[in-house]
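# Commentary on secondary and tertiary structure
Residue strings, one per chain:
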Amino acid sequence: MLEPLRQGLPPLDPAAVSDAASCALPARYEAVREARQFSRRTLDQWDIGERFDDVCLVVSELVTNALRHALPADTPRGREQEPPVRLHLMRWTTRLVCAVRDPSHDSPVARETDDFSAESGRGLFLVDSFADSWGWHPLAGTLSGKVVWALFRLPPPAAPATTE
């Protein structure tokens, strides 16, 4: 189901991005709420608020995973630290990508579990269930870490009404 985990984004022309927004998220669990609020405002501005429920769930899981698994145990959790996680939202005409950047080089690991009542361990399963596709890739150049992304298909824009 979740293999291969290490994959790149499907072909999307970066020059064709309609809109993009990002926010830095501090190393504290309240950042998950901040990511949801940022996503709500952004999707509403882009007139795609109807996708909020699915996107919100996926953003919550990706940010939670970054905070829980991608930060070293000794990462300071105070407000004064440089935010180690960043959420990016990018919209093309018929696609939305949510990407979470974190400082870890470790690949995301989907846990196999038969206990569907467990309160943790299902994050990547939920991402796989609600997004149209997802993956991750290591960062290159001066940036360190990785990006875990999820892609959502959007309905094509409605044709403008003609008046006769």
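Note that the structure is a prediction, hence the values are computed from the model and not measured.

Next up on the list: the confidence of the model for the chain. Across the chain, the average pLDDT comes to 81, with 73% of residues at 70 or higher. Across the chain, helix H1 (residues 30–45) holds the top mean pLDDT of 96, while helix H3 (residues 123–130) sits lowest at 89. Ignoring residues within four places in sequence, the model shows residues 1–5, a span with pLDDT below 50, making twelve contacts including any to other chains.

Let us now look at the side chain of Ser39. Structurally, the position occupied by Ser39 is in helix H1. Each residue touching Ser39, except ones within four places of it in the same chain, is listed here: Phe52, Val59, Leu87 and Leu89.

Buried residues dominate strand S2 (residues 85–91), accounting for five of its seven residues. Pairing of strand S1 (residues 19–25) with S2 involves seven bridges; the strand directions are antiparallel. From the neighbouring strand, Leu25 faces S2, where its bridge partner is Val85. In this sheet, strand S3 (residues 95–102) lies alongside S2 in antiparallel orientation, the contact comprising six bridges. Counterpart to Leu89 in the pairing with S3 is Cys98. What sits between the antiparallel neighbours S2 and S3 is a turn of three residues.

The next point concerns the packing of aromatic side chains. Applying the stated rule across the entire model yields zero aromatic pairs. The ring of Phe52 has Arg40 lying over it, and the distance from NZ or CZ to the ring centre is 3.8 Å.

What follows is about H3. Listed as buried for H3 are Gly123, Leu124, Leu126 and Val127. Across the axial projection of H3, the buried residues extend over an arc of 155°, all falling on one side. Contacts from the buried residues of H3 go to helix H2 (52–69), strand S4 (133–138) and strand S5 (146–153).

Turning our attention to H1. A rise of 1.5 Å per residue sets the reference length of H1, with its 16 residues, at 22 Å; its end C-alpha atoms lie 23 Å apart and thus fit the reference within 8%. For H1, the complete set of buried residues consists of Ala31, Val32, Ala35, Phe38, Ser39, Thr42 and Leu43. Buried residues of H1 fall within an arc of 125° about the axis and therefore sit on the same side. In this structure, the buried side of H1 is in contact with S1, H2, S2 and S3. Phi turns positive one or two residues past the end of H1, at Asp47, with a value near 60°.

Before going further, it helps to spend a moment on the sheet that holds S4. Judged by pairing direction, the sheet is antiparallel, and its five strands sit side by side in the order S1-S2-S3-S5-S4 without closing on themselves. Looking at the sheet topology across the chains shown, the edges are occupied by S1 and S4. On average, each strand axis in the sheet is tilted by 15° relative to the strand beside it, whichever way the strands run.

Mapped onto the fold, Ser144 is located in the loop between S4 and S5. A residue is classified by how much of its surface remains accessible, and Ser144, at 44% relative accessible area, is partly exposed. Counting along the chain gives 42 residues from Ser144 to Asp102, while the straight-line C-alpha distance between them is 8.2 Å. Residues contacting Ser144, with those up to four places away along its chain left out, are Asp102, Pro103, His105 and Leu139.

Calculation criteria
- Here, residues in each chain are numbered from 1, in the same order as that chain's written sequence.
- Note on the predicted model: pLDDT of at least 70 is required for a residue's local features to be given, and 80 or more for side-chain atom pairs to be given and counted; whole-chain, interface and lining totals, by contrast, use all residues.
- Excluded from the side-chain calculations are hydrogens and water; all other atoms, namely the structure's heavy atoms, are used.
- Per-residue confidence from the predictor is reported as pLDDT, a score between 0 and 100.
- To qualify as a helix, a DSSP run of H or I must reach at least 4 residues; to qualify as a strand, a run of E must reach at least 2; elements of each kind are numbered from the N terminus.
- By definition in these notes, contact holds between two residues if any of their heavy atoms fall within 4.5 Å.
- Summary of the burial criterion: residues with accessible area below 20% of their type's maximum are buried, those above 50% are exposed, and those between are partly exposed, where the area comes from a 1.4 Å probe applied to protein chains only.
- DSSP calls a pair of strands paired once it identifies at least 2 bridges connecting them.
- Between rings of Phe, Tyr and Trp, where Trp is taken as its six-membered ring, a pair exists when centres lie within 6.5 Å; planes separated by under 30 degrees are stacked, by over 60 edge-to-face, and by other angles tilted.
- A positively charged side chain is recorded as over a ring if its NZ (Lys) or CZ (Arg) lies within 6 Å of the ring centre. The angle to the ring normal must also be within 35 degrees.
- This arc is taken over the directions from the axis of the helix to the C-beta atoms.
- Expected span, for any helix, means 1.5 Å times one less than how many residues it has.
- Axis geometry follows a simple rule: fit a line to the C-alpha atoms, using only the stretch in contact for helices, then measure angles between N-to-C directions, giving values from 0 to 180 degrees.

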